[in-house]
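What the coordinates show
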Amino acid sequence: MQSLVQKYLEQIYSSVLPDSSGWLADYIPELAVVNPEKFGICIATIDGTVYEVGDAEWPFTIQSVSKPFTYGMALADNGEQAVDAKIDVEPSGDAYNEISLERGTGRPLNPMINAGAILAASLVNGAEPEEQFERLRDFYSRFAGRELPLDYNVFTSEHDAGDRNRAIAYMLRTVGVLDQLPEDALDVYFRQCSVQVTARDLALMAATLANTGMQPLTGEQVLSPQLVRRVLSVMTTCGMYDAAGDWVSAVGLPAKSGVGGGILAVLPGQIGIAAYSPRIDRHSHSVRGVKACRALSDTFDLHFLNVTRGSRSIVRARYDLKRRTSTAARTPAQRGILAAHGDRVQFFELHGDLLFGGAEAVARGLADEAGSFDIVVIEIGGVDQISDVARRLLLDARGALAVEGKTGILVDPENRLVDEEDIDDSNAFTELADAVTWCEEELLKRYGT
Ligand SMILES: NC(=O)CC[C@H](N)C(=O)O
């Protein structure tokens, strides 16, 4: 049976296909002679499911879609501070090939325009341009999950026709931000633009970014989550050049396009999408690619500011000790005490991703309700991700309860909250049953005669 996702994808494809507006990039012959009718769309989820339609496996050159990945590698090689000293992260509002440099420092305004991208390429480690490029090609390939080839003809044409980029590189050198020889930096940059990909590759590269840097199919952590966040931020503000504002409003996804007709977009934590169609608009974005992304965003509700999951939903269940029967042998008198005072032990079962909002709500709830219990058991076995601040908020809430003479118990099957040395791991259990037994003993101590 055809999946609904596939069906929607095919509908989007059919609705966008008739649009034959735009023109082929013609600054090099190779781009001017591609088949203008090609059109493919691909979606890759963070667990590696791929949906595709049309010419999703048709090869083309990556062009500027390479820029965020090169920036990621420059950051990984040099650290954020060193790269920030050379390349700013401000949208330029100019076309991609504008020489937009910050007054005074000469820093390119961002790594998505050519000036910043050429400089980022120069910052990739390697003794020779070939070595720098091979490291880049390997890096892109790890995002895509397969070895990506270089289109040598496109590379030589980029090189021969690259006078505007040459002007940019020499300008960077003149103002003192480019340490490498301009021709060497350009060599790396022209090669990176000439890496051959398909829409499917781009969707998987996007899905790797969506998956905080872990390639969904190979499981490899290609870039650290912190640097992925950085790359996605710059894609959001600068990836679509002088169309960035409209793009964020209408599509609402960090994205990058290339003059070859490729475009990718990322919904963090969910999916990567990509499209290919070579006719471009005045911003050098694929006409059908942009339309397809808009339609995908509308159809699948992908806008990244579409936040629907409230922080309240973090508490999956709430109950007291009376709902839990322990396996420990009890006398009738003890059972009576537990029945009478069982509501003095409250259980909070958490689930989903525990981030600031959810943890803050739980911590506040515990403080507000502390009068109604003696012991609170926080069970986090069903929680997927825990951010560092959420972990600290929960542990702090437990500490605050102790001050009021209450006891906070953690049931943390994988020791995710208490694995640090400086944290008091008393009152923490890996098994819920052990926590129940402990609470019963405590109640018997407090209320038994
Ligand atoms: N927008 C783009 O894809 C530009 C890439 C092209 N090779 C250039 O540097 O001019």
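Residues numbered from 1 in each chain as written. Predicted model: local features only at pLDDT ≥ 70, side-chain atom pairs only at ≥ 80, totals over all residues. Heavy atoms only, no water.

1. Let's talk about the site of the ligand
Taken together, the residues surrounding the ligand are Y27, Q63, S64, Y96, N114, E158, N165, Y189, C193, Y241, G258 and V259. Q63 places a polar side-chain atom, nitrogen or oxygen, 2.6 Å from a nitrogen atom of the ligand. The separation between an oxygen atom of the ligand and a polar main-chain atom of V259 is 2.7 Å. Expressed as a share of its isolated accessible area of 300 Å², the protein-covered part of the ligand is 97%. (Near = heavy atom within 4 Å. Polar contact = N/O pair within 3.5 Å; in protein donor to acceptor, adjacent residues only side chain to side chain. Areas by Shrake-Rupley, 256 points an atom, 1.4 Å probe, with all protein chains shown as cover.)

2. Thoughts on the pattern of salt bridges
Tallied over the entire structure, the rule returns 30 salt bridges. Notably, a salt bridge pairs R288 with E37, separated by 3.3 Å at the nearest N-O pair. Here the residue R288 occupies a position in helix α13 (residues 287–300), and E37 occupies one in the loop between α2 (29–32) and β1 (40–45), the gap between them amounting to 251 residues. A relative accessible area of 42% places E37 in the partly exposed class. One salt bridge in this structure joins R364 and E360, with 2.8 Å as the shortest N-O distance. Note that R364 and E360 are positioned in helix α15 (residues 356–369) at a spacing of four residues, about one turn of the helix. Judged by its relative accessible area of 27%, E360 falls in the partly exposed class. (Salt bridge = Lys/Arg side-chain N within 4 Å of Asp/Glu carboxyl O. Helix = DSSP H or I, 4+ residues; strand = E, 2+ residues; numbered from the N terminus. Buried < 20%, exposed > 50% of the residue type's maximum accessible area, 1.4 Å probe, protein only.)

3. Examining the sheet that holds strand β12 (residues 428–429)
Read across the sheet, five strands follow the order β8-β9-β10-β11-β12 without closing on themselves; strand pairing throughout is mixed. What marks the edges here is a single partner per strand, and that holds for β8 (315–320) and β12. Against the sheet, helix α16 (residues 388–403) makes contact with β9 (345–354), β10 (375–386) and β11 (407–411), and its axis sits at roughly 175° relative to β10, the strand it touches most. (Pairing = 2+ DSSP bridges. Contact = heavy atoms within 4.5 Å. Axes fitted to C-alpha atoms, helices over the stretch in contact; angles between N-to-C directions.)

4. A few points about a nonpolar patch on the surface
The grouping of I99, M171 and V175 at the surface amounts to a nonpolar patch, some 210 Å² of accessible area in total. Relative to the assigned elements, I99 resides in the loop between α4 (80–84) and α5 (114–122). (Patch = residues over 30% accessible without salt bridge, like charges linked within 9 Å, V, L, I, M, F, W, Y side chains within 5 Å.)

5. Focus on the confidence of the model for the protein chain
A residue-level look at the protein chain finds 96% of positions with pLDDT of 70 or above and a mean pLDDT of 92. Here the complex is predicted with pTM 0.82, and the ipTM for its interfaces comes to 0.95. (pLDDT = per-residue confidence, 0-100.)

6. Points about the sheet that holds β1
The strand order β2-β1-β7-β6-β5 describes an open sheet built from five strands, whose pairing is antiparallel. The sheet is open, and its two edges are formed by β2 (50–54) and β5 (255–257), each paired on a single side. Strand-to-strand twist across the sheet, computed as the mean angle between neighbouring axes with direction ignored, equals 10°. For β5 and strand β6 (residues 262–267), the ladder comprises three bridges, and the chain directions are antiparallel. Each bridged residue has a counterpart across the sheet, and for K256 the counterpart in β6 is L264. Each of β1, β2, β6 and β7 (271–276) is contacted by helix α10 (residues 199–210), which is oriented at about 155° to β7, the strand it contacts most.

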